[in-house]
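The primary structure of each chain is shown beneath.
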Amino acid sequence: MPPPPEPASDAVRSLLRRIGLELAFLDATAPGAAGTLAELLPSLDETFAGASAPADLVAAVATARSWLALPSADFASRLGQWHPWMEEAVTAWERSGVLPDWPAGLPPLSAQTSPPPPAAGSPVTTGRTAPARDLPTQDVTVLPAGWEPELMRLFCAEAAELLQDIEQGVLVLETAPTDAETLATVFRAFHTLKGNAAVMKLVVLQRLTHELESLLDAARRGSRVLDRDAIDAVLSGADIVAQYVAEANSQLDGRETGRTIPLALPAVIDRVHAILSSPAAAAAPLAPPPGTVPLPATTPRASVAVLPPPASSPTPVNTGPDSGSRLSPPEPSAPAASAQAAAAPAASVPAAPGPAAPARPAAVSTGSVRVDTTRLDGLLDLVGELVIAQSMVVQAASSGDEHLTRSLAQLRGITTDLQRTAMAMRMVPIRGAFQKMGRLVRDVAVQLGKEIRLIVEGEETELDRTVIEEISDPLVHMVRNAADHAIEPPDVREAAGKPRTGTIILRAFHQGGFVIVQVSDDGRGLDPARIRAKAVERGIVPADAVLDTRDTLELIFAPGFSTAEQISDLSGRGVGLDVVQRNVERIRGKVEVESVPGAGTMFTIFMPLTLAIIEGLVVSVGGQRFVIPTLAVRESFRPKAEALATVHGRGELVAVRGQRLPMMRLGQHLGIEGAQADPTRGIVVVLEAGNDRRCILVDELVGKQEVVIKPLGEMFTGRTPFAGAAILGDGRVGLILDTIPLVRLGRRPHTETAA
Amino acid sequence: MTAIAPTIPPAHGPASAQPGKYLTFVLSGQVYGVPVLAVREIIRLCPITPVANMPPHVRGVINLRGRVIPVVDLRVQFGLVVGPDHDRTCIVVAQVAATAGGVRPYAVVVDGVEEVVTLAAADIAPPPDFGGAVDTRFITGLARRDVGVSTLIDLEAVAAADGPSEKPAPSSLSP
């Protein structure tokens, strides 16, 4: 047995010292007290791996790691016996002596929970009995005793971000399982999660993330390539964490505190164990530790395009010279080779320090500060007020004082900048909403046996976080529809002369004060004839309706419309696009659809940059002023007498570009006295919502203004035709018309669609 | 004010008044009192923007330092004689419980604020039973004063009567 290289020996010594200290201070009665130890043990493992430590040392660390799941008291007492043995064993190793006997009071050594260390000669340790594992699911108390709300929230927020990194990374790994950078990112994410969980004393999460970290660590160090099974395991692990975080969040918000939830924790942990102890892993020791000199004897097959260590590679592709140095794919067990391997790595002594250093990256600082959103909203409100107060001062101070005028101009410049900056603080890239789609498309594709490629463009496009929240569900609907219905199965595509792999493009960009999100696919496209037939069958349009292609396509947004012949478990329950349209309209956006049968479909969503501010047309009726969102305004004009017509003595119509549209007197509708009675002396505003249009008659246009939208408060909710209120330039409150119900008044039943 | 919200105890109204400090104000010549802890501030009458489709006692909304706050005319709600606004007319801004938790601002127009008085338990009598002749839903008690009595009311109950659940929107305008 060769002695350890000096740096490794030092590292091991220092780790053991720290473990000893931790043990001395370990409060065995506190749940999750083993937090720091859970950190130190893997470090020890890594150092051993980099230093070709004897098998039993490695196994001893693995065994100790498996105790982390035990109650704190048991853990502490076992580790109390373990630690002196380790000290002795390491001394023996340093002197190339014989390792001491394993303490009789401890359960036998097991390598089950360890990531198979590449150079550890693990054939010796495999086959030992693993401690029995728990049932497939486990009821978990989400909030541990003594949790602090602030910290817990922070933990949840951070976990959500890390989960996104993980999901994103894993999807990359699916196509490029050896991508070093991605492996490192995902590993780091799990590592950070584990650390955070330890801080929060979330023992369960800590254990789970630890296992997943081990799996990724193995992949990262090249002792295992992540196959589909492993990726599924990682994803389901991430799902459990997500479940946990979601539940924690809802309990933090005061719903059902103290509830336990069943998590498929043991199942995932077992799965990871199974993967790690599968033959591929057992044979893994062929891979030398990073930075070692080439091993001449252990390359039974030609290696492909890998630079520094000639890792024996059964997989044809290995990406990049950089990644290659860290990774080597698994070797299917070849007895001769592994026998050799057991001895060979031991002979090669790495000059470089073990991988411990790069494996423990400090949390990356992004130079950002987390701010409570209510504070941010408060700031935005105040800035809005400042802008208004400032304009009031300007109005009041219209004296001839040149000095004052100059100062006021300067003040205006500052407030404008301040407002812009405050607005920008609410802006976040749409990336978050897009990232979910990768997983979604993958899952649909796997489930339906389709081949789908998702291309994402413009994910850095920024918009208000509340808009992103609102758009998230509609996007899921649309992407799922595209993957489920639009993209054909590979064989069908091939028969139609298209590539087997379907493509869905998700694109976001800015255009004229709006954010536009497009979802396009190269699938089967929408068939106007079929849509029409279905709409007639469902009674959405009469059989003799005259519709152009655009109108026909718009029918897919009608409530209760679904062309899917088979209701799949993924989409097509008849609530789909109408919900999409509803949600998008709620944030004052709109959806359009274009399609070419056989070639594909494209949905375009227009959204406002922010929900907090809208551009409004200020109109007056009978001395009162109202704000109409300009997005809903098609045009406005003073009607000529000949453009007006009356039907049935009451219903008024206006001719707009050759089309007669119903006209509503806003004053009459809102019960305002003193409104202009003569339409030719008023102004007609043409409103539109989707395909519907309606004219409203107002007295005059006051101007165009950007206004901060204020909620009207619960007293008015659902009882008034207004979407909110705004503070106008003179400090008075102006009401914002809710245009969609106004336009659709009496057209469609406004029953709430079950969503 | 004919409909009765399901949230309001129908017969004898809210819990009886507790001793403590009360703000008294005048509505159509009569004195009323509310617990001073519910009052946030008193402001001069300012332009009120009327809101369509609301019952007549809801005067509209005002801008209170950037917040949009509903203003209710208690004289209309209580069926009192409503005179024209004058220079003592002002707005009492209170806060009441919001349905979603927390508090929400709630302002009432009054014909003038009188004073803050401290009432002991002995000063407070339970609301009388008028046999249905007077709407006592919002009355928590009567306070004896040097001259006459003041009626103690529960703004929470008054505000709850305007809750969103009172009745469906009058037209198909609700989303």
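Here the structure is a predicted model, which is why all the values come from computation and not from measurement.

Caption draft 1: Representation of the overall build of chain B. The number of helices and strands found in chain B is two helices and eleven strands. Each helix and strand of chain B, placed in order from N terminus to C terminus, yields the pattern β-β-β-β-β-α-β-β-β-β-β-β-α. Across the 175 residues of chain B, 35% fall into the buried class. For chain B, the share of sequence-separated contacts (at least 6 apart) that also reach a separation of at least 24 residues comes to 56%.

Caption draft 2: Spotlight on the sheet that holds strand β1 (residues 20-27) of chain B. Residues and elements named next belong to chain B. An order of β8-β1-β2-β11-β10-β9 is seen for the six strands of this open sheet, with the pairing classed as mixed. In this open sheet, the two strands that pair with only one neighbour each are β8 (113-119) and β9 (124-125). Here β9 runs beside strand β10 (residues 139-144); their pairing, made up of two bridges, is antiparallel. Within the sheet, the bridge partner assigned to I124 lies in β10 and is A143.

Caption draft 3: Up close: the environment of A:R524. Within the secondary structure, A:R524 sits in the loop between β7 (514-521) and α19 (528-537). Here the alpha-carbon distance between A:R524 and A:A599, two residues 75 residues apart in the chain, equals 5.9 Å.

Caption draft 4: A look at helix α14 (residues 373-396) of chain A. Residue and element names in this part refer to chain A. For α14, spanning 24 residues, the distance from its first C-alpha to its last is 35 Å, which sits close to the expected 34 Å at 1.5 Å a residue. Along α14, the residues that are buried comprise G384, V387 and I388. Against α15 (402-426), β18 (700-708) and β19 (722-727) lie the buried residues of α14.

Caption draft 5: Fine view of the confidence of the model for chain A. Residues and elements named next belong to chain A. In the predicted model, chain A carries a mean pLDDT of 74, and 77% of its residues have values of at least 70. Taken element by element, the predicted model of chain A shows its lowest mean pLDDT in helix α13 (residues 356-359) (37) and its highest in strand β20 (residues 733-737) (93). Confidence drops under pLDDT 50 across residues 111-135; counting only partners more than four residues distant or on other chains, this segment forms 88 contacts. Contacts for the low-pLDDT stretch residues 281-365, under 50 throughout, to residues beyond four places or in other chains number 168 contacts.

Caption draft 6: A look at the pairing of strand β11 (residues 624-629) of chain A. Residue and element names in this part refer to chain A. Of all six residues in β11, six are buried, a share of seventy percent or more. Both faces of β11 are covered, namely the face carrying Q624, F626 and I628 and the face carrying R625, V627 and P629. In the sheet, strand β10 (residues 613-621) pairs with β11 via six bridges, with the strands oriented antiparallel. When the bridges of β11 are listed, V621 appears paired with Q624. Between β10 and β11, which pair antiparallel and follow one another directly, the connecting turn spans two residues, one of which, G622, has a positive phi of 50 degrees.

Thresholds applied
- Residues numbered from 1 in each chain as written.
- Chains lettered and ligands numbered in written order.
- Predicted model: local features only at pLDDT ≥ 70, side-chain atom pairs only at ≥ 80, totals over all residues.
- Helix = DSSP H or I, 4+ residues; strand = E, 2+ residues; numbered from the N terminus.
- Buried ≥ 20, exposed ≤ 12 C-beta atoms within 10 Å, placed from the backbone.
- Contact = placed C-beta atoms within 7 Å.
- Pairing = 2+ DSSP bridges.
- Expected span 1.5 Å × (residues − 1).
- pLDDT = per-residue confidence, 0-100.

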